[in-house]
Amino acid sequence: MNSFVEKYNDRVTGVISCFDRMLFKGYLPIGWSDAMEGLLSRRGLLIKDFGKFVEQQSERLKIHAEKLAETLGRPFEYINGKLRKDDYAKEIAKRDGITQGLICVLRILEPCQSFKMVPAERRPKLVNATRKCLCYYFYFMDRDFGLMHVRIQSWFPLVIQICLNGHEWLARKLDKHGIEYRKQDNAFLWISDCARAQKFADRMETTNWPRVFSAIARRVNPLLKDVLAGMEYYWVMDQAEYATDVMFRDAEALKAPYEELLKHATLCFSAEDVLIFLGRKMHGRFEGEVLTDMKKKRFPGARVKHRMKENWMKMYDKFGCVLRIETVINNPREFKVRRSGKRKGEIVTDWFPMGKGVANMPRYREVCMAANRRYLEALAVVPDPGKLKEQIQSIGRRTRTETRSHRALNPASKDDVELLAAVMRGEHNLQGFRNANIRGHLNEPTTDHLEHRRQSHRTGRLLKLLHAHRLIAKIPRTRRWRVTKHGHTVMSAILTIHHQHYPASNPQVT
């Protein structure tokens with residue numbers, strides 16, 4: 001990451017990495033049919049009473065949600081049809097000036113995992129099934145987490161979903177400690193002290209999530225007081241997005257390099273590269289697809305996405321001035337965590353597939369942070385169009401060494417482009433090149449001794465010209481030359497332009 005930031009240090013105002021959208025789910029220990037039948041039995045109910053029992057408890061959830069909204073004077077609405085619920089809640093919060101507390105409660109008919117009663121040999125039984133039921137979305141403007149929602153399905157097993165945003169959490173931390181920033185939606189455009197802000201972001205994983213979420217669950221699920229007394233939710237991370245934001249000075253500073261970064265990420269990153277970014281290796285036992293796709297409608301808004309099975313990485317711009325690299329984990333078992341486990345009948349501490357439990361949140365951050373860092377390091381090799389323009393212009397001017405003045409190079413000249421192509425040939429990468437190597441590519445073979453000398457002297461003058469422009473350098477204690485880093489950047493760009501845009505006009509350039 002450092003090499004990428006150093007490359008654009010004159011335009012980058014800071015870098016911040018933190019969790020973005022996080023989706024947690026809570027499960028009660030009645031999520032399978034035997035456990036649900038056990039709950040009915042403990043309450044003295046038969047399997048045939050399941051439907052009536054569930055309807056009664058569902059009605060209690062509805063009354064509780066309606067009463068909570070009515071007590072706080074907030075909307076309690078039924079949503080029919082497609083609607084961006086988060087945006088709708090933001091509109092209500094802005095309209096009513098809600099800065100803390102409940103914003104609204106929305107009712108939506110959605111699919112959920114529940115149970116159904118089926119006939120059996122001796123008596124009916126419950127089986128797991130996908131059903132449709134009312135789901136209640138409680139939108140809060142939380143003191144610590146900002147805008148968040150809690151979704152609870154009204155049918156057993158009463159799964160709870162909690163969605164919050166790490167950038168909202170970090171913004172409240174910065175407010176609390178007096179660190180200035182500019183923020184738009186879920187992206188920081190500028191932070192006065194990025195190093196200190198990063199320390200706060202890294203502490204998010206230390207939150208006691210089970211305690212926080214259990215308090216929220218008791219607020220939305222009244223059945224925990226009686227019917228489900230003694231039960232606790234088990235909390236998992238169903239989806240985690242971890243973003244590394246490189247904040248540029250303004251949209252103009254990012255626009256030119258972003259187009260090149262987008263092109264490079266789409267055309268040059270192979271499936272093996274994507275696996276390496278995610279800490280994996282290509283091997284014969286790998287089963288699954290690694291896909292890359294790009295959406296380029298306009299700037300800002302273009303993005304490239306690399307998918308590895310159920311997990312993926314994305315690169316896109318936020319509001320034209322923030323470059324975001326984001327790793328999304330949906331299936332953590334593709335990664336490993338060091339923990340205690342059983343192997344060959346013995347308890348050992350080793351690397352095992354990572355589970356979804358919230359206890360693995362620190363490892364989530366490690367995996368995603370390493371992936372984002374590798375991705376940015378791989379992008380550091382992409383030429384910066386702004387600097388590249390200056391570098392190409394510099395070789396178009398005369399230059400002077402200690403002994404003499406040297407002419408300018410013409411990137412549009414056929415002879416000069418042939419010289420650059422000869423120097424940049426792949427066979428020179430390992431050991432460099434000598435006068436004879438370049439002379440053989442620029443001249444026709446000759447048996448005339450005087451012509452041979454003239455070609456050698458002319459090639460020597462051309463090599464000194466390239467050296468004067470800092471495109472090549474002498475290898476110490478040899479008669480060989482090598483291409484400099486500056487030369488590689490400039491000459492590669494010039495040759496790429498010639499090959500892509502008008503190769504027919506330079507048929508001899510190879």
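Residues numbered from 1 in each chain as written. Predicted model: local features only at pLDDT ≥ 70, side-chain atom pairs only at ≥ 80, totals over all residues. Heavy atoms only, no water.

Draft legend 1. Spotlight on the overall build of the protein. Looking only at helices and strands, one finds 15 helices and 19 strands in the protein. Summarising its shape, the C-alpha atoms of the protein cover approximately 110 × 55 × 45 Å along the three principal directions. Counting across all 510 residues of the protein, residues that qualify as buried make up 48%. Total accessible area computed for the protein in this model is approximately 27300 Å², and 48% of it derives from carbon and sulfur atoms. The positive charge centre, built from 91 side chains, and the negative charge centre, built from 58, are 3 Å apart in the protein. (Helix = DSSP H or I, 4+ residues; strand = E, 2+ residues; numbered from the N terminus. Buried < 20%, exposed > 50% of the residue type's maximum accessible area, 1.4 Å probe, protein only. Areas by Shrake-Rupley, 256 points an atom, 1.4 Å probe, with all protein chains shown as cover. Lys, Arg positive; Asp, Glu negative; His and termini not counted. Charge placed at Lys NZ, Arg CZ, Asp CG, Glu CD.)

Draft legend 2. Region of the structure containing the sheet that holds strand β9 (residues 234-248). What the 11 strands build is an open sheet, ordered β2-β3-β4-β5-β6-β1-β9-β13-β12-β11-β10; its pairing is mixed. Looking at the sheet topology across the chains shown, the edges are occupied by β2 (76-78) and β10 (290-295). Within this sheet the neighbouring strands show an average axis-to-axis angle of 15 degrees, counted without direction. Each of β2, β3 (101-118), β4 (125-142) and β5 (146-153) touches helix α3 (residues 50-72); the most contacted strand, β3, lies at about 175 degrees to it. (Pairing = 2+ DSSP bridges. Axes fitted to C-alpha atoms, helices over the stretch in contact; angles between N-to-C directions. Contact = heavy atoms within 4.5 Å.)

Draft legend 3. View of the packing of helix α12 (residues 414-423) against helix α13 (residues 435-442). Orientation of α12 relative to α13, taken along the N-to-C sense of each, is 135 degrees, at an axis distance of 9 Å. By the angle between their axes, α12 is oblique relative to α13. Between α12 and α13 lies a crossing whose hand is right-handed. Residue-level inspection shows Glu418, Leu419, Ala422 and Val423 of α12 in contact with α13, the latter providing Ile438, His441 and Leu442. For the contact of α12 with α13, the per-class residue count stands at five nonpolar, one polar and one charged. (Parallel < 35°, antiparallel > 145°, perpendicular 65-115°, else oblique. Left-handed = near helix turned anticlockwise from the far one by under 90°. Nonpolar A, V, L, I, M, F, W, Y, C, P; charged D, E, K, R; others polar.)

Draft legend 4. Region of the structure containing α13. For α13, the complete set of buried residues consists of Asn435, Ile438 and Arg439. Within α13, the buried residues cover an arc of 105 degrees as seen down the axis, which keeps them to one side. Packed against the buried residues of α13 are α12 and α14 (449-468). (Arc of directions from axis to C-beta.)

Draft legend 5. Molecular detail of a positive patch on the surface. Together, Arg398, Arg404, Arg434, Arg458, Arg461, Lys464, Lys474 and Arg479 give the surface a local cluster of positive charge. For the positive patch, the element with the most residues is α14, which contributes three residues. On the secondary structure map, Arg404 appears in the loop between β16 (399-400) and β17 (405-406). Relative accessible area serves as the criterion here: at 46%, Arg404 is assigned to the partly exposed category. (Patch = residues over 30% accessible without salt bridge, like charges linked within 9 Å, V, L, I, M, F, W, Y side chains within 5 Å. Salt bridge = Lys/Arg side-chain N within 4 Å of Asp/Glu carboxyl O.)

Draft legend 6. A look at unusual backbone geometry. In the segment running from Phe156 into Pro157, the intervening peptide bond is cis, with an omega of 15 degrees. For Pro157, the location among the structural elements is in the loop between β5 and β6 (160-165). The backbone phi angle of Asp185 is positive, close to 55 degrees, even though this residue is not glycine. Residue class for Asp185 comes out partly exposed when judged on its relative accessible area of 41%. Phi at Phe319 takes a positive value of approximately 60 degrees, unusual for a residue other than glycine. Along the chain, Phe319 turns up in the loop between β12 (311-318) and β13 (322-329). Judged by relative accessible area, Phe319 falls into the partly exposed class, the value being 31%.

Draft legend 7. Here's a closer look at the pairing of β9. Counting buried residues along β9, 14 of its 15 residues qualify, which places the element largely inside the surrounding structure. Sheet topology places strand β1 (residues 12-27) next to β9; 13 bridges connect them, and they run antiparallel. Within β9, the position partnered with Gly26 by the bridge is Trp235. Bridging between β9 and β13 involves eight bridges; their strand directions are antiparallel. In the strand pairing of β13, Asp245 is matched with Arg324.

Draft legend 8. Seen up close, the packing of helix α5 (residues 166-176) against helix α6 (residues 194-202). At a minimum axis distance of 10 Å, the contact between α5 and α6 shows a crossing angle of 125 degrees. By the angle class used here, α5 and α6 are oblique. Classified by chirality, the crossing of α6 by α5 is right-handed. On the side of α5, the interface is formed by Trp169, Leu170, Lys173 and Leu174, while α6 contributes Ala197, Phe200 and Ala201. Class assignment for the residues of the contact of α5 with α6 results in six nonpolar, no polar and one charged.

Draft legend 9. Spatial organisation of the environment of Cys268. Looking at the element boundaries, Cys268 is found in helix α8 (residues 251-268). On the basis of relative accessibility, which here comes to 45%, the residue Cys268 falls in the partly exposed class.

Draft legend 10. Highlighting α14. Taking 1.5 Å of rise per residue, the 20 residues of α14 would be expected to cover 28 Å, and the 29 Å separating its terminal C-alpha atoms lies within 8% of that figure. Among all positions in α14, only Gln455, Thr459, Leu462, Leu463, Leu465, Leu466 and Ala468 are buried. On its buried face, α14 is in contact with β16, β17, α12, α13, β18 (472-474) and β19 (481-483). For α14, the side-chain oxygen to backbone nitrogen distance between the N-cap and Leu450 is 3.1 Å, and the N-cap itself is Asp448. Backbone geometry just downstream of α14 places Arg470 in the positive-phi region, at approximately 65 degrees. (Expected span 1.5 Å × (residues − 1). Polar contact = N/O pair within 3.5 Å; in protein donor to acceptor, adjacent residues only side chain to side chain.)

Draft legend 11. Representation of the packing of aromatic side chains within the structure. Evaluation of the coordinates by the stated rule reveals 16 aromatic pairs. With a centroid separation of 5.0 Å and 85 degrees between ring planes, the pair formed by Phe19 and Tyr242 is classed as edge-to-face. With Phe19 in strand β1 and Tyr242 in strand β9, this residue pair connects regions lying 223 residues apart in the sequence. Tyr242 carries the same exposure label as Phe19, and that label is buried. An angle of 55 degrees between the planes, with centres 5.2 Å apart, marks the rings of Phe213 and Trp235 as tilted. Here Trp235 lies in strand β9 and Phe213 lies in helix α7 (residues 209-220), a separation of 22 residues in the sequence. Three or more aromatic residues joined by ring pairs make a cluster, and in this case those are Phe24, Phe145, Trp209, Phe213, Tyr233 and Trp235. The ring centre of Trp155 lies 5.1 Å from the NZ or CZ of Arg131, which sits over that ring. For the cation-ring pair, Lys305 lies above Trp312, with the distance from its terminal atom to the ring centre recorded as 4.1 Å. (Phe/Tyr/Trp six-rings, centres within 6.5 Å; stacked < 30°, edge-to-face > 60°. Lys NZ or Arg CZ within 6 Å of the ring centre and 35° of its normal.)

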